[in-house]
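The lines below spell out each chain.
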Amino acid sequence: MQIARPYAQALFDLARSENAVDPVETSLKEIAALTSESADFARFLRSPVITADQKAAALDVVLKGANLHPIVGNLLRVVARNGRLFAVPAVIKAYTELSANARGEATAEVTSAAPLSADQRTSLAATLKDKIGKTVTLTEHVDPSLIGGLVVKVGSRMIDSSLKTKLAAMRVAMKEVG
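What you see is a predicted model, and the numbers here were worked out from it, not measured in a lab.

(A) Spatial organisation of the overall build of the chain. A tally of helices and strands in the chain yields 8 helices and 4 strands. The order of helices and strands in the chain, counted from the N terminus, is α-α-α-α-α-α-β-α-β-β-β-α. A compact globule built from 178 residues should have a C-alpha radius of gyration of about 16 Å, whereas the chain, at 20 Å, is more than 25% larger. Across its three principal directions, the C-alpha atoms of the chain cover 65 × 40 × 30 Å. When each of the 178 residues of the chain is scored for burial, the buried share is 33%. For the chain, restricting intrachain contacts to residue pairs at least 6 apart in sequence, the fraction spanning at least 24 positions comes to 67%. Accessible surface, the chain: about 10,800 Å² in total, of which carbon and sulfur atoms supply 57%. One way to put it: in the chain the 22 positive side-chain charges average out to a point 5 Å from where the 18 negative ones average out.

Now the structure itself:
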């Protein structure tokens with residue numbers, strides 16, 4: 001989401017200037033967890049029916065009870081006033097990428113048919129580190145429709161070794177032959 005990048009960059013620059021990159025990231029992860037755990041909070045962020053002023057007022061109440069880094073609270077207030085709360089999840093993702101990049105890390109989104117074991121996680125992270133030259137943090141998703149194999153996304157690169165994709169390719173090849 002294009003709108004999130006400037007907010008994330010400004011937040012990262014401010015956090016770095018105040019030597020608070022990690023605490024800000026921790027607070028952002030708490031907001032991300034709240035968004036994924038509470039459907040009501042996620043709807044609140046996305047809702048076009050609630051005005052920016054109403055969202056800002058409600059957010060002030062939420063922030064008073066939350067133990068977030070002050071920079072994150074200020075960001076949320078600005079985003080709410082600008083009517084851009086729907087972009088908060090994308091801002092969090094973009095900030096996390098900036099933070100990881102500054103530490104020399106990369107994030108890989110891994111989708112598998114079943115949850116990965118600890119050995120599989122370690123092996124995959126090591127393989128990706130060898131390929132891209134950075135420490136890799138895995139974000140895992142499970143999609144049983146893949147049948148088997150993995151889909152790995154690192155930045156703009158994607159490696160799809162899922163059985164679902166291989167079967168679809170075989171189906172296309174069989175149609176061309178027959």
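What follows picks up the thread again.
(B) Here's a closer look at helix α4 (residues 52–65). Between its first and last C-alpha, α4 extends 20 Å over 14 residues, near the 20 Å set by a 1.5 Å rise per residue. Here α4 has its buried residues at Lys55, Ala56, Leu59 and Leu63. Each buried residue of α4 sits inside an arc of 95° when the element is viewed along its axis, so together they form one side. Exposed side of α4, more than 90 degrees from the buried face: Asp53, Val61, Lys64 and Gly65 are the residues found there. On its buried face, α4 is in contact with α3 (39–46) and α5 (70–81).

(C) Here's a closer look at a nonpolar patch on the surface. On the surface, a cluster of nonpolar side chains totalling about 380 Å² of accessible area is made up of Ile147, Leu163, Leu167 and Met170. Within the secondary structure layout, Leu167 lies in helix α8 (residues 163–177). Given a relative accessible area of 39%, Leu167 falls into the partly exposed group.

(D) Quick look at the environment of Phe41. In this structure, Phe41 sits in helix α3. You can call Phe41 buried: its relative accessible area is 11%. Sequence separation between Phe41 and Pro89 is 48 residues, and the spatial gap between their C-alpha atoms is 12 Å. Filtering out sequence-adjacent residues up to four positions away, Phe41 remains in contact with Ile31, Leu34 and Thr35.

(E) Summary view of the packing of helix α2 (residues 21–37) against α5. With their axes 8 Å apart at the nearest point, α2 and α5 run at an angle of 50° to one another. Relative to α5, the element α2 lies oblique. Note on element contacts: α5 touches α2 through Ile71, Val72 and Leu76, opposite Val24, Ser27, Leu28 and Ile31. Per-class residue counts for the contact of α2 with α5 are 6 nonpolar, 1 polar and no charged.

(F) How the structure looks around unusual backbone geometry. The backbone phi angle of Asn19 is positive, close to 55°, even though this residue is not glycine. With respect to the secondary-structure elements, Asn19 resides in the loop between α1 (4–17) and α2. Of note, the phi angle at Ile147 is positive, near 70°, even though the residue is not glycine. Looking at Ile147, the relative accessible area reads 52%, which means it is exposed.

(G) Structural context of the packing of aromatic side chains. Summed over all chains, the structure comprises 2 aromatic pairs. Ring geometry for Phe12 and Tyr95: centres 5.8 Å apart, planes at 65°, overall edge-to-face. Here Phe12 is found in helix α1, whereas its partner Tyr95 is found in helix α6 (residues 88–102), with 83 residues between them in sequence. Like Tyr95, Phe12 is buried.

Definitions and limits used
- Residues numbered from 1 in each chain as written.
- Predicted model: local features only at pLDDT ≥ 70, side-chain atom pairs only at ≥ 80, totals over all residues.
- Heavy atoms only, no water.
- Helix = DSSP H or I, 4+ residues; strand = E, 2+ residues; numbered from the N terminus.
- Rg over C-alpha atoms; globule rule 2.2 N^0.38 Å.
- Buried < 20%, exposed > 50% of the residue type's maximum accessible area, 1.4 Å probe, protein only.
- Contact = heavy atoms within 4.5 Å.
- Areas by Shrake-Rupley, 256 points an atom, 1.4 Å probe, with all protein chains shown as cover.
- Lys, Arg positive; Asp, Glu negative; His and termini not counted.
- Charge placed at Lys NZ, Arg CZ, Asp CG, Glu CD.
- Expected span 1.5 Å × (residues − 1).
- Arc of directions from axis to C-beta.
- Patch = residues over 30% accessible without salt bridge, like charges linked within 9 Å, V, L, I, M, F, W, Y side chains within 5 Å.
- Salt bridge = Lys/Arg side-chain N within 4 Å of Asp/Glu carboxyl O.
- Axes fitted to C-alpha atoms, helices over the stretch in contact; angles between N-to-C directions.
- Parallel < 35°, antiparallel > 145°, perpendicular 65-115°, else oblique.
- Nonpolar A, V, L, I, M, F, W, Y, C, P; charged D, E, K, R; others polar.
- Phe/Tyr/Trp six-rings, centres within 6.5 Å; stacked < 30°, edge-to-face > 60°.

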